[in-house]
Amino acid sequence: AQSVTQPDIHITVSEGASLELRCNYSYGATPYLFWYVQSPGQGLQLLLKYFSGDTLVQGIKGFEAEFKRSQSSFNLRKPSVHWSDAAEYFCAVGAMEYGNKLVFGAGTILRVKS
Amino acid sequence: NAGVTQTPKFRVLKTGQSMTLLCAQDMNHEYMYWYRQDPGMGLRLIHYSVGEGTTAKGEVPDGYNVSRLKKQNFLLGLESAAPSQTSVYFCASRRVNRGLDGYTFGSGTRLTVV
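Residues numbered from 1 in each chain as written. Chains lettered and ligands numbered in written order. Predicted model: local features only at pLDDT ≥ 70, side-chain atom pairs only at ≥ 80, totals over all residues. Heavy atoms only, no water.

Undergrad: What should I look at first to understand the pattern of salt bridges in this one?
TA: Side-chain pairing between opposite charges can occur once the charged atoms of the two side chains come close. All names here are of chain A. According to the stated counting rule, one finds eight salt bridges over all chains in the structure shown. Of the charged contacts, one joins Arg77 and Glu64 as a salt bridge, the two residues approaching to 3.2 Å between their closest N and O atoms. With Arg77 in strand β9 (residues 73-78) and Glu64 in strand β8 (residues 64-68), this pair connects stretches of sequence that are 13 residues apart. Here Arg77 and Glu66 are joined by a salt bridge, their closest N and O atoms 3.2 Å apart. Of this pair, Arg77 sits in strand β9 while Glu66 is found in strand β8, placing the two residues eleven residues apart along the sequence. Counted as one network, the salt bridges with shared partners bring together Glu64, Glu66 and Arg77. (Salt bridge = Lys/Arg side-chain N within 4 Å of Asp/Glu carboxyl O. Helix = DSSP H or I, 4+ residues; strand = E, 2+ residues; numbered from the N terminus.)

Undergrad: Please clarify how the state of the cysteines should be interpreted in this entry.
TA: A disulfide bridge is the covalent bond that connects two cysteines by way of their sulfur atoms. Overall, the coordinates contain two disulfides over all chains when judged by the stated rule. With its sulfur 2.0 Å from that of its partner, Cys23 of chain A forms a disulfide with Cys91 of chain A. Residues Cys23 of chain A and Cys91 of chain A are joined by a disulfide whose S-S torsion is about -65°; by sign, that bridge is left-handed. Residue Cys23 of chain A is found in the loop between β3 (19-21) and β4 (24-26), and its partner Cys91 of chain A is found in strand β10 (residues 87-95); the two are separated by 68 residues along the sequence. Looking at Cys23 of chain A, the relative accessible area reads 0%, which means it is buried. Residue Cys91 of chain A is classed as buried on the basis of its relative accessible area, which comes to 0%. Note that Cys23 of chain B is cross-linked by a disulfide to Cys91 of chain B, the S-S spacing being 1.9 Å. On the S-S bond that ties Cys23 of chain B to Cys91 of chain B, the torsion sits near -75°, and the link is left-handed. (Disulfide = S-S within 2.5 Å. Buried < 20%, exposed > 50% of the residue type's maximum accessible area, 1.4 Å probe, protein only.)

Encoded structure:
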């Protein structure tokens, strides 16, 4: 069965510092991978996705992620964090069962200190 | 604005009470999903629907029922609420010819069972 692990429950970074959020997945075939962001009181918004091709994908809000098959990882990065980036971030893998569901990691809460 | 609307946004129930959560989408999406979000566990699929009049169980269906009498609405029912059902519930929808990146999420319903 598919699974996603986000090892860091909370991360705190200073505004302007770089950010990397870790994600490891377990999936038998070529994965469809996603990063979502959830701001307080809001639904989930898609940041970026990887289906195939270039392993470095660009997303919205200046985020990027790199797919590394050998490490089963899909880490999210941003070179300079803004206070508005404080939110919860979810990594997800697409699964063909259950009507094409998304399997989510537990989430990482990002705090940004000024 | 087009999207997924969930009502209510907050609710407190006593153990044994029943309630229905409503999810409404105005995008003519075929697929609809109910997830629950619990700390440290990410989002887990409760039930889903691939079209009007059809529903199916997801990963954690026990204690919940659903109905999709109209294409735009997906109802989640709790017949006899239990404290273990305290959670944030998210509805999502997707067009059948869109891939896994075509999800639209609602802003969630925070349910507390005391």
